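Survey of secondary and tertiary structure
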Amino acid sequence: MSGDSERRGDRTDESRRGDRSGESRYGGRSDESTDERAAGGAPRTKRRGFLKGSAAALGGGALIGGRARGAPGGASFDAGGADGTGVGGTSTARGRNGMVSTVHPLSTEIGADVLEAGGNAVDAAVAVQFALNVVQPHSSGIGGGGFMLVYAAEEDELYAIDNREEAPLGADPEMFLGDDGEPVPFRGRHTNGKAVGVPGTLRCCDVALKRFGTMELGELIDPSIDLADGCRRVAVDEPLAEAIADNVEAGELGETAREVFAPGGDPLEAGDPLVQPDLADTFRLIRSEGIEPFYRGEIAADIAETVQNAEGYRDEGGSMTVDDLARYNVEVTIPERATYDGAAGELTVRTMSLPSSGGLTIGQILGLLEPFDLADEGRRSVETYHAMIEAFRLAFADRGEYLGDDAFVDVPWQGYLDGEYLDERRSLVDPDETAETPVEAGDPWAYQPGEPYRVGAAGSPGDDGRNVHNRGQTTHFTVADGEGNLVSWTTTIEQLFGSGIMVPGRGFMLNNELTDFDAEPGGPNEVQPGKRPLSSTSPTVVFRDGEPYLTVGSPGGPTIITTVSQVLLGVAEFGMSLDAAVAEPRLYADAESDVLYEETLPEGIRRALEERGHGLSEESSIGSVQALEVTDDGYFGVGDYRRDSAVEGL
Ligand code: GLU
């Protein structure tokens, strides 16, 4: 296991201090080849040969006009069949020339249409993003942001586009404190203008297309104009109907949004037509004028005015100005790198780096667990679940203490994944008993080479009124094309319907992403002007022998990290098929929470965990994964059964 070694270009081999040969409490041995693998990186390789093949030769997935569609998910735990239903009711499809896996049939179809018309994975992903804005307006859209990974096959290089929302220059560290100086509870602070970050999604679409795409933004937005203005019928689906009902009942939808989603006060129900003429007009404007109106023109002016006038708990709106919008840019960065050696061979896991905590935290979790050789214990053994929970707790303790936007805070990213440091942390895992909570952070600075300049003291994130129950639930999707290009994109407006604020006359929701900052000042993730809040989103691309192997990602706030880790462990440690790994019952734990578990977790495991001192709490579902595997025969696409999934192979 190792961390990113190339991001800042100043790693020394000594910094890896790689002798991890100590016996683990579980009897496993640390991996001695860590340094070698870390130093080696992914060798450049030739492109895959299968991609030029014909869809007619496919097995698995229902073939429809040369396109193979996954069946809608169910919830049984049978083995998967060849009819588009995978293990546990996951949706699956196979394709030699492309793959699209999203949460909605229309966004998947639009992405597949783009691929079929000759567009590449990035073109298709941009079209998918616009479609998702229409069909799942509560989950993502141009009023939000996210993190996009692009594997560019021709260059054999993986890029990350950080399109995270940003705090306006008028933001201040105390803006989420009430008059009593205490953090305003999460429910009180996410539906007002102060919660809204400068949106990044549209600029990401533009930059991604200019850098990697082959088609024009205007062409790719067209199908979504038809969806938004009702030319092509969109029916409200169950997840949207539920989100509307919940948000209306909780009073968390602003007036403009209520007019669209609960006209006359009646929440739209599943099956009702969803028509969004204002959104269609906004998309038309973008089609004819590009992204300028959004970041510098009339839409920017409307966004700023809406945010400033959206009153909240202090009877004042947010500070966002047109200058904040004009200043916004995405950043093209290099994802974190971690390795894992298990049943699936030596894998290199590339996941989003700061300001998402996903990469470093997943890196720690995998690094803590790898030497336990959990495959010997079995995927559904109590030893495996216990070890995972303890690793989650340790990793989340460090996350809360050290991680924040590294443009603003100095983060011990080398010490964080240092082999000796992980050995030290791993030695805290008692195989028979859970750790006392809250689990304390370690000291990765002690393993950091050189004498880093430290910015401030890392304070406690404190009780800011936010807990795992306040996690966002947005969306992740993945696309592959016949040239081997891959996209893994987690895109969000934070909570369902974001801040609840829709820009009047423009038809899109504004995010509440700034609530991902700690409400209490003093820590690495405090609010600062121009800073990006710490995220958990973890779009992931895994490489095997230097070649792309998997993409994985999920919504779910902090549970994203544990969800992606569990899917990766299923494949990497236990040699499971991707659909089986996605279907496995999930857990979540952080430094202080109860263990959240899905009801599919076997009863005997629950009892055994309780005997080890774990407090347990049932959740209806955790995360919703869209993933794909690059196999010798083509792509194998997977969509989670936990929400709707639509998977289509070409
Ligand atoms: N706000 C969340 C994060 O960045 C993402 C929303 C989600 O949970 O899907 O961690």
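Reading guide: rules and limits
- Residues numbered from 1 in each chain as written.
- Predicted model: local features only at pLDDT ≥ 70, side-chain atom pairs only at ≥ 80, totals over all residues.
- Heavy atoms only, no water.
- Helix = DSSP H or I, 4+ residues; strand = E, 2+ residues; numbered from the N terminus.
- Expected span 1.5 Å × (residues − 1).
- Buried < 20%, exposed > 50% of the residue type's maximum accessible area, 1.4 Å probe, protein only.
- Near = heavy atom within 4 Å.
- Polar contact = N/O pair within 3.5 Å; in protein donor to acceptor, adjacent residues only side chain to side chain.
- Areas by Shrake-Rupley, 256 points an atom, 1.4 Å probe, with all protein chains shown as cover.
- Pairing = 2+ DSSP bridges.
- Axes fitted to C-alpha atoms, helices over the stretch in contact; angles between N-to-C directions.
- Contact = heavy atoms within 4.5 Å.
- Disulfide = S-S within 2.5 Å.
- Patch = residues over 30% accessible without salt bridge, like charges linked within 9 Å, V, L, I, M, F, W, Y side chains within 5 Å.
- Salt bridge = Lys/Arg side-chain N within 4 Å of Asp/Glu carboxyl O.
- Lys, Arg positive; Asp, Glu negative; His and termini not counted.
- Charge placed at Lys NZ, Arg CZ, Asp CG, Glu CD.
- Parallel < 35°, antiparallel > 145°, perpendicular 65-115°, else oblique.
- Left-handed = near helix turned anticlockwise from the far one by under 90°.
- Nonpolar A, V, L, I, M, F, W, Y, C, P; charged D, E, K, R; others polar.
- Phe/Tyr/Trp six-rings, centres within 6.5 Å; stacked < 30°, edge-to-face > 60°.
- Arc of directions from axis to C-beta.
- Core = buried A, V, L, I, M, F, W, Y, C linked by side-chain atoms within 4.5 Å.

The subject of this paragraph is helix H5 (residues 201-212). Structurally, the α-helix is built with 3.6 residues per turn, so residues lying three or four positions apart point the same way. In a regular helix each residue adds 1.5 Å, so 12 residues correspond to 16 Å; H5 covers 16 Å between its end C-alpha atoms and thus fits that length. Most of H5 sits out of view: 9 of its 12 residues are buried. For H5, every residue scored as buried is listed here: Thr201, Leu202, Arg203, Cys204, Cys205, Asp206, Ala208, Leu209 and Phe212.

In the region of the ligand, 14 residues are neighbours, and Thr474, Glu513, Asp516, Ser535 and Gly557 sit closest. The separation between a nitrogen atom of the ligand and a polar side-chain atom of glutamate 513 is 2.6 Å. Glycine 557 places a polar main-chain atom, nitrogen or oxygen, 2.4 Å from an oxygen atom of the ligand. Coverage of the ligand by the protein amounts to 99% of the 290 Å² it exposes when considered alone.

This paragraph deals with the sheet that holds strand S18 (residues 634-639). Strand order in the open sheet formed by 7 strands is S3-S18-S17-S13-S12-S9-S8, and the pairing between neighbours is antiparallel. Where the open sheet ends on each side, the last strands, each with one partner, are strand S3 (91-95) and strand S8 (336-342). Strand after strand, the sheet turns through a mean of 20 degrees between neighbouring axes, direction not considered. Alignment of strand S12 (residues 540-544) against strand S13 (residues 547-552), held across 5 bridges, turns out to be antiparallel. Each bridged residue has a counterpart across the sheet, and for valine 541 the counterpart in S13 is threonine 551. Taken strand by strand, helix H13 (residues 358-369) contacts S8 and strand S9 (345-351), and its axis lies near 25 degrees from that of S8.

What follows covers the state of the cysteines. Applying the stated criterion across every chain, the model contains 0 disulfides. No disulfide involves cysteine 205; its nearest neighbouring cysteine sulfur is the one of cysteine 204, lying 5.9 Å away. Given the relative accessible area of 0%, cysteine 205 is considered buried.

Let us look at a negative patch on the surface. A cluster of like negative charges, contributed by Glu238, Glu242, Asp246, Glu249 and Asp644, occupies part of the molecular surface. Tracing the sequence through the fold places aspartate 246 in helix H7 (residues 238-249).

Here helix H3 (residues 121-135) crosses H5 at 165 degrees, and the two axes come no closer than 9 Å. One element, H3, and the other, H5, form an angle in the roughly antiparallel class. In the packing of H3 onto H5, the handedness of the crossing is left-handed. Residues Val122, Asp123, Val126, Gln129 and Phe130 of H3 lie in contact with H5, whose contacting residues are Thr201, Leu202, Cys205, Ala208, Leu209 and Phe212. Split into classes, the residues belonging to the contact of H3 with H5 amount to 8 nonpolar, 2 polar and 1 charged.

Across all of its chains, the model carries 10 aromatic pairs by this definition. With a centroid separation of 5.5 Å and 35 degrees between ring planes, the pair formed by phenylalanine 294 and phenylalanine 508 is classed as tilted. In this pair, phenylalanine 294 is assigned in helix H10 (residues 292-295) and phenylalanine 508 in the loop between strand S11 (486-492) and S12, connecting sequence segments 214 residues apart. Across the pair, phenylalanine 508 and phenylalanine 294 agree in class, each one buried.

Once that is clear, we can look at H7. Helix length check: H7, at 12 residues, gives a terminal C-alpha distance of 16 Å against a target of 16 Å (1.5 Å per residue), a fit within 8%. Among the residues of H7, Leu240, Ala241, Ala243, Ile244 and Asn247 are the ones counted as buried. Taken around the axis of H7, the buried residues stretch over an arc of 165 degrees, which confines them to a single face. Residues of H7 that are exposed and point over 90 degrees away from its buried face: Glu238, Glu242 and Glu249. Elements in contact with the buried residues of H7: H3 and helix H8 (255-261). In the stretch just after H7, glycine 251 is the one whose phi turns positive, near 70 degrees.

A few words on the side chain of glutamine 136. Note that glutamine 136 resides in the loop between H3 and strand S5 (145-152). Under the relative-accessibility criterion, glutamine 136 is labelled buried at 2%. Setting aside residues up to four positions removed in sequence, glutamine 136 forms contacts with Val103, His104, Asp237 and Pro239.

Moving on, we come to the pairing of strand S10 (residues 475-481). The buried count for S10 comes to 7 of 7 residues, which makes it a mostly enclosed element. Looking at chain direction, S10 and S11 are connected through 6 bridges and run antiparallel. Considered in S11, the bridge of alanine 480 is made with leucine 486. Hairpin connection between S10 and S11: a loop of 4 residues separates the two successive antiparallel strands, and glycine 484 in this loop has a positive phi of roughly 95 degrees.

Another point: the sheet that holds strand S14 (residues 587-588). Taken in spatial order, the 3 strands line up as S14-S15-S16 in an open sheet, and their pairing is mixed. Across the chains shown, the open sheet's two edge strands, defined by having one partner strand only, are S14 and strand S16 (616-619). In this sheet, S16 lies alongside strand S15 (residues 595-598) in parallel orientation, the contact comprising 4 bridges. Residue tyrosine 597 lies in a different strand from S16, and its bridge partner there is glutamate 618.

Turning to the nonpolar core, a few remarks are in order. Membership of the largest hydrophobic core comes to 81 residues, with the highest contact counts inside it found for Met148 and Ile303. The residues touching isoleucine 303, leaving out its near neighbours within four places in the chain, are Phe294, Met320, Leu325, Val503, Phe508 and Leu510. Counting residues in each nonpolar core, the second largest holds 62 residues, with Ile389, Phe396, Ala572 and Ile622 among its members.

Packing of helix H14 (residues 382-402) against helix H17 (residues 559-572) leaves a shortest axis separation of 11 Å and a crossing angle of 135 degrees. One element, H14, and the other, H17, form an angle in the oblique class. In terms of crossing hand, the pair formed by H14 and H17 is right-handed. Two secondary-structure elements touch here, H14 through Met388, Phe392, Phe396 and Arg399 and H17 through Ile561, Thr562, Ser565, Gln566 and Leu569. Partitioned by chemical class, the residues of the contact of H14 with H17 number 5 nonpolar, 3 polar and 1 charged.

In this section: unusual backbone geometry. The residue after leucine 354, namely proline 355, is reached through a cis peptide bond having omega 15 degrees. Structurally, the position occupied by proline 355 is in the loop between S9 and H13. The amide bond that connects threonine 437 to the next residue, proline 438, takes the cis arrangement and shows omega of -5 degrees. Among the structural elements, proline 438 can be located in the loop between helix H16 (419-426) and S10. One non-glycine residue with positive phi stands out, namely aspartate 156, at about 50 degrees. Take aspartate 156: it is sitting in the loop between S5 and strand S6 (157-163). Note on aspartate 156: relative accessible area 14%, which makes it buried. Positive phi, normally seen in glycine, also occurs at glutamate 494, with a value near 80 degrees.

As far as function goes, none of this settles anything; it's purely spatial.
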